[in-house]
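Report on the structure
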Amino acid sequence: MAGEEDALCAVCGVGATHRCGRCHMTPYCSREHQRQHWQQHKALCAPYTVKENAVLGRHLVACRDLEAGQIILKDTPLVLGPRQVCCLCLHLISLENLI
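What counts, and at which threshold
Residues numbered from 1 in each chain as written. Predicted model: local features only at pLDDT ≥ 70, side-chain atom pairs only at ≥ 80, totals over all residues. Heavy atoms only, no water. Patch = residues over 30% accessible without salt bridge, like charges linked within 9 Å, V, L, I, M, F, W, Y side chains within 5 Å. Areas by Shrake-Rupley, 256 points an atom, 1.4 Å probe, with all protein chains shown as cover. Salt bridge = Lys/Arg side-chain N within 4 Å of Asp/Glu carboxyl O. Helix = DSSP H or I, 4+ residues; strand = E, 2+ residues; numbered from the N terminus. pLDDT = per-residue confidence, 0-100. Contact = heavy atoms within 4.5 Å. Buried < 20%, exposed > 50% of the residue type's maximum accessible area, 1.4 Å probe, protein only.

1. Thoughts on a nonpolar patch on the surface
- Among the surface-exposed residues, Val-50, Leu-60, Leu-66, Ile-72 and Leu-73 lie close enough to one another that they form a single nonpolar patch of about 390 Å² accessible area.
- Locating Val-50 in the fold gives a position in strand E3 (residues 48–53).

Pasting the structure below:
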């Protein structure tokens, strides 16, 4: 992510001195532009920020209170594991057969 000094307002593109108070990621030059952009930004406003340090590497940190069980990230897997196959006959095992 660009440094604070390189941040440009999401509305007008000039140097930004403010950030979204919720996700702390989207830069704005004024509160007026932040309010003006909210309808577009709220769908993308993440409840976390990406941080990095030597011990943890890249990780997510909540930037607001989260409800228990709240889904904050959805992603498709890059790799899928093997299907459940019988080791003897190599037939697929379905959940119905396990009950």
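Having seen the structure, we can now continue with the description.
2. Points about the confidence of the model for the protein chain
- Overall, the predicted model of the protein chain reaches an average pLDDT of 83, with 85% of residues at or above 70.
- When mean pLDDT is taken per element in the protein chain, strand E2 (residues 27–28) scores highest with 96 and helix H2 (residues 95–98) scores lowest with 57.

3. As for the side chain of Gln-34
- Structurally, Gln-34 can be placed in helix H1 (residues 31–41).
- Ignoring anything within four residues of it in the chain, the contact list for Gln-34 reads Arg-19, Cys-20, Gly-21 and Tyr-28.

4. Some points on the side chain of Thr-49
- Along the polypeptide, Thr-49 turns up in strand E3.
- For Thr-49, a relative accessible area of 11% puts it in the buried group.
- In this view, Thr-49 contacts Cys-23, His-24, Met-25, His-59, Leu-60, Val-61 and Cys-63; residues no more than four positions away in its chain are not counted.

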